[in-house]
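# Reading the structure
In case you want the letters, here they are:
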Amino acid sequence: MYLADSVGYLGFAAIMVAKTFLPAEGEFLPFFRTATMWTVVFSLLALAFSALYFRKVLSDSPMDTADDQLRQTADSILVHDD
């Protein structure tokens, strides 16, 4: 719980620092909404890339071949059971 709180406070502090140093005029709410939208876009892209990465890594794992060999052995035993 404390970790989530600290990340939230750190993110808000980063937005406040960015608002101070970036040349953005106007209210705080539109800036905050824009920053939130960019965070969502970045998070979804990172999630998509990680899903593709783990799909590739898990499909290339040696466990798949071991599972296939075990399945083939079980099938051959069940088929040849007299």
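Residues numbered from 1 in each chain as written. Predicted model: local features only at pLDDT ≥ 70, side-chain atom pairs only at ≥ 80, totals over all residues. Heavy atoms only, no water.

## Some words on the overall build of the chain
This is how the line gets drawn: Runs of E in the DSSP output that reach at least two residues are strands. Runs of H or I that reach at least four are helices, and both are numbered from the N terminus. The buried label applies to any residue whose accessible area, calculated with a 1.4 Å probe on protein chains only, is under 20% of its type's maximum; exposed applies above 50%, and partly exposed to all values in between. Only the protein chains shown count as cover for residues, and the accessible areas themselves come from Shrake-Rupley with a 1.4 Å probe.
In terms of regular secondary structure, the chain is built from 3 helices and 0 strands. Going residue by residue from the N terminus, the α and β elements of the chain occur as α-α-α. A burial count over the chain gives 6% of its 82 residues as buried. Of the roughly 7,700 Å² of accessible surface on the chain, 71% is carried by carbon and sulfur atoms.

## Let's talk about the packing of helix H1 (residues 2-21) against helix H2 (residues 28-59)
This is how the line gets drawn: Here an angle of 0 to 180 degrees is reported between the N-to-C directions of two axes, which are lines fitted to C-alpha atoms, with helices fitted over the stretch in contact. For classification purposes, angles smaller than 35 degrees are called roughly parallel, those larger than 145 roughly antiparallel, those between 65 and 115 roughly perpendicular, and all remaining angles oblique. Crossings are sorted by hand: turned counterclockwise from the far helix by less than a right angle, the near helix makes the crossing left-handed, and turned clockwise it makes it right-handed. Residues count as neighbours in contact if any of their non-hydrogen atoms are within 4.5 Å of one another.
Contact geometry for H1 and H2: axes closest at 11 Å, N-to-C directions at 120°. One element, H1, and the other, H2, form an angle in the oblique class. As for how H1 packs across H2, the hand of that crossing is right-handed. Here Phe12, Ile15, Met16, Ala18 and Lys19 of H1 lie close against H2, whose contacting residues are Phe28, Phe31, Phe32 and Ala35.

## Describing the packing of aromatic side chains
How two aromatic rings sit relative to each other is set out by the distance from centre to centre and by the angle between their planes. Put simply, the rule reads: The aromatic pairing rule takes the rings of Phe, Tyr and Trp, using the six-membered ring of Trp, and pairs them if the centres are within 6.5 Å, calling planes under 30 degrees apart stacked, those over 60 edge-to-face and the rest tilted.
The tally for this structure, following the rule as stated, stands at 1 aromatic pair. Centre to centre, the rings of Tyr53 and Phe54 are 5.1 Å apart; their planes meet at 75°, and the pair counts as edge-to-face. The class of Phe54 is partly exposed, set by a relative accessible area of 46%.

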